[in-house]
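Survey of secondary and tertiary structure
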Amino acid sequence: MRFLITAGPTREPLDPVRYLSNRSSGKMGYAIAEASLEAGHEVVLISGPVGINRPRGAAVIPISTSDEMFDAVHQQARNCDILVMCAAVADYKPAKVSKSKIKKRDGNLSFDLIPTRDILASLPKNRKYIVVGFAAETENVETNALEKLREKNCDIVVANDVSRADSGMESDENEVTILFRGGEIKKISRAPKKIVARELIKIFANVCEKRLTKKIA
Ligand code: C5P
């Protein structure tokens, strides 16, 4: 199967030397890319700036901003069977990007932020590929993730509690709840991201296979 995976943070520039970003390390997305390759799948990895080696055998498309990720996903999605949106895309970006470095002055400084385009929500409703979204939540994890699944028209949402220091963002371990469009819920208990990724890949490929056999039957 052909996996299209996004990973890492995006950077939204304020001026030539500053940007808004988040704590995403890219570890989960890269572990999913490695696990997909290990299972014999084809992988295209759209990656924000991270400090991890490229997975051997993956076609890597480096991006920086949410707009670059938006374009790359739209270009690549038509050639995939499963899109895994693991990246922590910024929800807001500065309304204006200053061409020159913003000078330090006395007093407070404020910026207007505008919403970025939601990549998941922008995907065509009628599509051949499976779409997996990720939900990093600090409270009401399942309720918020279910809302995300419906609002963003995903087939699957993988939710994790990022309020815990021992799993989720930056950590080497994760514990996830998987919500399916049909209402089913599965859990993967705390384990190294590599192990969680292997389990996730099996689940995604299974859903994809079921969809393909349904179409042929
Ligand atoms: O709304 P929230 O950012 O919590 O949603 C997370 C999910 O949505 C992730 O799968 C992320 O990759 C995706 N996302 C997106 N476009 C955005 C922001 C998030 O596709 N602008």
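A short tour of the structure in this document, coming up.

Quick notes on the rules
- Residues numbered from 1 in each chain as written.
- Predicted model: local features only at pLDDT ≥ 70, side-chain atom pairs only at ≥ 80, totals over all residues.
- Heavy atoms only, no water.
- Helix = DSSP H or I, 4+ residues; strand = E, 2+ residues; numbered from the N terminus.
- Rg over C-alpha atoms; globule rule 2.2 N^0.38 Å.
- Buried < 20%, exposed > 50% of the residue type's maximum accessible area, 1.4 Å probe, protein only.
- Contact = heavy atoms within 4.5 Å.
- Areas by Shrake-Rupley, 256 points an atom, 1.4 Å probe, with all protein chains shown as cover.
- Phe/Tyr/Trp six-rings, centres within 6.5 Å; stacked < 30°, edge-to-face > 60°.
- Lys NZ or Arg CZ within 6 Å of the ring centre and 35° of its normal.
- Near = heavy atom within 4 Å.
- Polar contact = N/O pair within 3.5 Å; in protein donor to acceptor, adjacent residues only side chain to side chain.
- Nonpolar A, V, L, I, M, F, W, Y, C, P; charged D, E, K, R; others polar.
- Expected span 1.5 Å × (residues − 1).

**Comments concerning the overall build of the protein**
- What the protein contains, in helices and strands, is four helices and twelve strands.
- The globule rule puts the C-alpha radius of gyration for 217 residues at 17 Å, and the 18 Å found for the protein is close to it.
- With the principal axes as the frame, the protein shows a C-alpha extent of 65 × 35 × 35 Å.
- When burial is assessed residue by residue, the protein has 45% of its 217 residues classed as buried.
- Considering only contacts in the protein between residues 6 or more positions apart, those separated by 24 or more positions represent 61%.
- Accessible surface for the protein amounts to roughly 12100 Å². Of this, 49% is attributable to carbon and sulfur atoms.

**A closer look at the packing of aromatic side chains**
- Counted under the stated rule, the structure contains zero aromatic pairs.
- When the ring centre of Phe70 is taken as origin, the NZ or CZ atom of Arg117, which lies over that ring, is 3.7 Å away.

**Some details on the site of the ligand**
- In the vicinity of the ligand lie 14 residues, with Met85, Ala87, Arg117, Phe134 and Lys148 positioned nearest.
- Backbone polar atom of Ala87 to an oxygen atom of the ligand: 2.8 Å apart, as the coordinates give it.
- The backbone of Arg117 places a nitrogen or oxygen atom 2.9 Å from a nitrogen atom of the ligand.
- When the free accessible area of the ligand is taken as 450 Å², the share hidden by the protein chains comes to 88%.
- Looking at the shell around the ligand residue by residue, the classes come out as seven nonpolar, two polar and five charged.

**A closer look at unusual backbone geometry**
- The phi dihedral of Asn140 is positive, around 40°, even though this residue is not glycine.
- Here Asn140 is to be found in the loop between β9 (130–137) and α3 (141–151).
- By relative accessible area, which is 53% here, Asn140 ends up exposed.

**Digging into the side chain of Asp81**
- With respect to the helices, strands and loops of the structure, Asp81 is situated in the loop between α2 (66–77) and β6 (82–85).
- Polar side-chain contacts of Asp81 include one of 2.8 Å to the backbone nitrogen of Arg2.
- Residue contacts for Asp81: discarding those within four places in its chain leaves Met1, Arg2, Tyr129, Ile130 and Cys208.

**Topic: helix α1 (residues 27–38)**
- If you check α1, its first and last C-alpha atoms are 16 Å apart, about what twelve residues at 1.5 Å a residue would give, namely 16 Å.
- For α1, the tally of buried residues reaches nine of twelve residues, placing the bulk of the element in the interior.
- Inspection of α1 places Met28, Gly29, Tyr30, Ala31, Ile32, Ala33, Ala35, Ser36 and Leu37 among the buried residues, and these make up the whole buried set.
- Phi turns positive, to about 90°, at Gly40, one or two residues after α1.

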